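One-letter residues, chain by chain:
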Amino acid sequence: MKNNRREFLVRSTLLGAGLIATPWFLSSCESKSGNSTTEGENAEKDASKMSPLFRISLAEWSLHRTLFDGKITNLDFPRIAKQEFGIEGVEYVNQFFKDKAKDMTYLGQLKQVCADNGVTSVLIMIDGEGDLGDLDNKVRNQAIENHYQWVEAAKYLGCHSIRVNARGEGSREEVSKAAVDGLSRLADFAKERDMNIIVENHGGMSSDGGWLSGVMKTANRPNLGTLPDFGNFCLEYTDTGCKEEYDRYKGIAELMPFAKGVSAKSHVFDAEGNESQMDYPRIMNIVKDAGYKGFVGIEYEGDDADEYKGIRQTKALLEKIFATMG
């Protein structure tokens, strides 16, 4: 888990201080090179009458190495999602267009790329805009206001949500109270724009499913929910890795009642194509049993330098599981 967004942000800070998505049955649409084929297009038409249980989207972080290396840009992302992987729903990460939240020319270009490729913008994952659970009222107020621009940008792009972080330093009770305040006020702003605010288990207290579900219950806003991530349940990191981890299956079950999105994190695959660090069928059954029917967002975060391969492996695994669910 060396490359997750939280750890990247922490490392960067330290250095600086000194769909409508393609459903499961379209796996055959991809050739070995990842490009769509006429055969794949025909398969899509033949399967169009079917109603998949879930829709697949692609989280932009899956391509973070490729993006940071400058091989592609955020404007390329929707096209790549569709043409390379047959995925028609995209989840942006604000790091890759950090200064463009209010740039309507840029956002218009991004919106047009989506339209040209038949891609739906699902959500924007927001990092680096302040802690919504900060105990300092002034700091928390600024964090809330910093997120306003992303609510507006996401609305313009056609997203249903922005993903935020519920961080803060203090006791569980203190941070919970502050997070309820910060998230509630941001959700009230978003409600006026018919937008959702969703919180990911993303390190610290937010990776405690019981704590985060408690925040959701207390805040009690219809447009405030969660983005359960299959892999982000480390409560405390050290230089050598995760020191303490929350039970992922318990955590996902606790967060699913509030879910407005699902993040299918993946790292390593075995010879049979299964994710070797977690029980994907078990997780997807938890998701299904919660009554969830929205997007399942692929977020490949493995150490394999071939991110395209990791995305395809994750998609194939999800398709295989979906096929058994009916």
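A brief structural summary.

Criteria and thresholds
Residues numbered from 1 in each chain as written. Predicted model: local features only at pLDDT ≥ 70, side-chain atom pairs only at ≥ 80, totals over all residues. Heavy atoms only, no water. Pairing = 2+ DSSP bridges. Helix = DSSP H or I, 4+ residues; strand = E, 2+ residues; numbered from the N terminus. Axes fitted to C-alpha atoms, helices over the stretch in contact; angles between N-to-C directions. Contact = heavy atoms within 4.5 Å. Phe/Tyr/Trp six-rings, centres within 6.5 Å; stacked < 30°, edge-to-face > 60°. Buried < 20%, exposed > 50% of the residue type's maximum accessible area, 1.4 Å probe, protein only. Lys NZ or Arg CZ within 6 Å of the ring centre and 35° of its normal.

**So, the sheet that holds strand β5 (residues 196–200)**
- Sheet architecture is open: eight strands sit in the order β6-β5-β4-β3-β2-β1-β10-β9, paired in parallel fashion. The open sheet is flanked by β6 (224–227) and β9 (262–266), the only strands paired with a single partner. Adjacent strand axes in the sheet meet at a mean angle of 30° when their direction is disregarded.
- Strand direction decides the pairing type here: strand β4 (residues 161–164) and β5, joined by four bridges, are parallel. In the strand pairing of β5, Val 164 is matched with Val 199.
- Running at roughly 145° to strand β10 (residues 295–300), helix α11 (residues 307–325) makes contact with β1 (55–59), β9 and β10 of the sheet.

**Some words on the environment of Ile 56**
- Counting through the fold element by element, Ile 56 comes out in strand β1.
- Counting along the chain gives 242 residues from Ile 56 to Ile 298, while the straight-line C-alpha distance between them is 7.1 Å.

**Observations regarding the packing of aromatic side chains**
- If you walk through the whole model with that rule in mind, you get 13 aromatic pairs.
- Residues Trp 61 and Phe 68 carry aromatic rings whose centres are separated by 5.9 Å and whose planes lie at 80° to one another, so their mutual orientation is edge-to-face.
- Pairing Trp 61 with Phe 96 gives two aromatic rings, centres 6.1 Å apart and planes at 35°, and the pair type is tilted. Taken together, the residues span a long stretch of sequence, with Trp 61 in the loop between β1 and α3 (64–68) and Phe 96 in the loop between β2 (89–93) and α5 (104–117) at a distance of 35 residues. Of the two residues, Trp 61 and Phe 96, both sit in the buried class.
- Counting every residue linked through ring pairs, the aromatic cluster contains Phe 77, Tyr 92, Phe 97, Tyr 106 and Trp 150.
- If you follow Arg 193 out to its NZ or CZ, it ends over the ring of Phe 189, 3.7 Å from the centre.
- When the ring centre of Tyr 249 is taken as origin, the NZ or CZ atom of Arg 282, which lies over that ring, is 4.0 Å away.

In short, shape yes, function no, at least from these values alone.
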